[in-house]
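Geometric and topological summary
These are the residues of each chain, in order.
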Amino acid sequence: MSISPSEISFIRQSCAADYRIDGRSNLQHRPYMLLSPSSSPILSNGSSRLFLPGSTTDILCSIKAELVHPPFRSTDGAIDLNVDILPYMPNLTDRKDIRNKEMEVSSMLTHLLLPHLLDRNVLVVLEGRFVWRLNIDIMVVHCDGNLIDACSIAVRGAMQNLRLPFVVAVQKVGEENGNRDPKRASDEIMVDGDIANSIIPDGVVNCPIIITVCLIPLTTVAVSQDEGNNSSRFAKKKQENVMIVDPSKQEEECASTKIIMSIDTLGNICGVQKYGSSSVLNANVSGNIDFGMLSQIQAVAVSSSASAFAMIKKNHLDADTSAGKSNEYNNFFRGLYELQ
C-alpha cells in the first residue's frame, strides 16, 4: 500500500494528540461484530463470522472435527490451521505474495494461539487408538488492517460454538477371550449424532486472543554527550514512540515495529513476538525497542485485551437476546428442509 509523506506526518500528529484519523483514541478498538450460530441461521456449530460495520473487514472461521489415529509418538489430539486470503489489496494480486502472507499469518497463529486453545487431553477418544483432529479454516474476504488480531477473535468465536459428538467405545466380540482381530473403526467406536448429547470441550472458555501493539515514531532527538574530559562530543539518537492498538492499514504502514501478544481471559500472557518494520519510513527511524518500554507495552496489551473480551462478551449477550427474534428464520429453514 502506497502512502505519501504528508499522510505519514498527519497520522503521526493525530496519534501524538491521542485522536486518530477515525476519531478513536490510541488504545481504543473498533466496534467489531462477531456473529455466532445463535445470531445467524447460516452459520453452523463451530463457526463464526467477524465483520466491521462501516468498513470492509469480513473474516469467516470454521472448525471441522474428525476422528483419526493419533500422530506418531503422540497421544493427544491434533489441531491444524489453514488461512486463505482473497486478493482484496492492490499489492496482493500476485498469487505468490498472497501465499507468503498466508504463511506468515498461519505461522503466527500456530505459535501464539493454537497451543492454548483448549486442553488437548479432552480430544482423546481411545488412548493410543482414536483422537479428535480439529481443522480450523480461516477465510479472509477483506481486512482493513490488524489482520492477525481479527483472525484470533474469529477463532475464539468459533471455539466458543464448538460441539463434539459423544463417542463411546464398543467392545468387540472375542476380546474377552484374548482374540483381537483387526476391524474397522465403526466396529470399535460409536458416534452419537444427537446434538443434545454433544460435548463442549474443556478449556475453550479461556481461549486467548491476540493483541498487536504498534509503535508509531514521533520525533528523533539528538542527545549530546561528553566523552570523559576530552572536548570531543558525539550525538546519540533517541526515538520517541507512541503506542496504538487495532491499527488500520494506513497506521500499520507508519509503525516502526509491532509487538504481538496472546492473552487469555485471566490476563495471562501466553506468547510474545516482535515482527515487521515499515517500508515507507526513512533510515533514521529504528525498529529497536528500549528495554524500559516492555513493561508499558505489556500493560497496554493486557488492558486492551480486557476491553476486547468485554466487546466479545457483549456480542454474545446481544446474540442471545436477539435469538428469540430470529426464530422466524430458523422456522423458515426448518420448514423448507422438512418440505424437501
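Whatever comes next refers back to the structure up there.
Treat the numbers as computed from the prediction; the structure is a model and nothing was measured. (Residues numbered from 1 in each chain as written. Predicted model: local features only at pLDDT ≥ 70, side-chain atom pairs only at ≥ 80, totals over all residues. Heavy atoms only, no water.)

With that out of the way, let us pick up a nonpolar patch on the surface. Side chains of Leu-60, Leu-86 and Met-139 sit close together on the surface and give an oily, nonpolar patch of about 220 Å² of accessible area. As for its placement among the helices and strands, Leu-60 is situated in strand β3 (residues 58–68). (Patch = residues over 30% accessible without salt bridge, like charges linked within 9 Å, V, L, I, M, F, W, Y side chains within 5 Å. Areas by Shrake-Rupley, 256 points an atom, 1.4 Å probe, with all protein chains shown as cover. Salt bridge = Lys/Arg side-chain N within 4 Å of Asp/Glu carboxyl O. Helix = DSSP H or I, 4+ residues; strand = E, 2+ residues; numbered from the N terminus.)

The next point concerns the pairing of β3. Pairing analysis gives 5 bridges linking strand β2 (residues 47–51) to β3, with the strands arranged antiparallel. Opposite Leu-50, over in β3, you have Ile-59 as the bridge partner. Hairpin connection, β2 to β3: the antiparallel pair is bridged by 6 residues, and Gly-54 has positive phi, about 80°. Pairing of β3 with strand β6 (residues 130–142) involves 11 bridges; the strand directions are antiparallel. Bridging across to β6, Ile-59 finds its partner in Val-140. (Pairing = 2+ DSSP bridges.)

On to helix α3 (residues 147–160). Compared with an ideal rise of 1.5 Å per residue, which puts 14 residues at 20 Å, α3 spans 20 Å between its outermost C-alpha atoms and is within 8% of the ideal. In terms of burial, α3 is a largely internal element, 13 of the 14 residues being buried. (Expected span 1.5 Å × (residues − 1). Buried < 20%, exposed > 50% of the residue type's maximum accessible area, 1.4 Å probe, protein only.)

Attention now moves to the packing of aromatic side chains. If you walk through the whole model with that rule in mind, you get 0 aromatic pairs. Directly above the ring of Phe-51 sits Arg-49, whose terminal nitrogen or CZ lies 5.1 Å from the centroid. Sitting over the ring of Tyr-275, Lys-258 keeps its end group 5.4 Å from the ring centre. (Phe/Tyr/Trp six-rings, centres within 6.5 Å; stacked < 30°, edge-to-face > 60°. Lys NZ or Arg CZ within 6 Å of the ring centre and 35° of its normal.)

Here we come to the pattern of salt bridges. Note that side chains of opposite charge can pair when their charged atoms are close. Overall, the coordinates contain 10 salt bridges when judged by the stated rule. The salt bridge partner of Asp-22 is Arg-24, with a shortest N-O separation of 2.7 Å. Of the residues examined, Asp-22 reaches a relative accessible area of 41% and is grouped as partly exposed. When salt bridges that share partners are traced, they join Asp-22, Arg-24, Arg-30, Asp-144 and Asp-246 into one network.

A word on unusual backbone geometry. One non-glycine residue, Asp-18, lies in the positive phi region at around 60°. Classification of Asp-18 by relative accessible area gives partly exposed; the value is 41%. Backbone geometry at Asp-246 places phi at a positive 50°, although glycine is not the residue there. Turning to its location among the elements, Asp-246 is positioned in the loop between β10 (233–245) and α4 (249–254).

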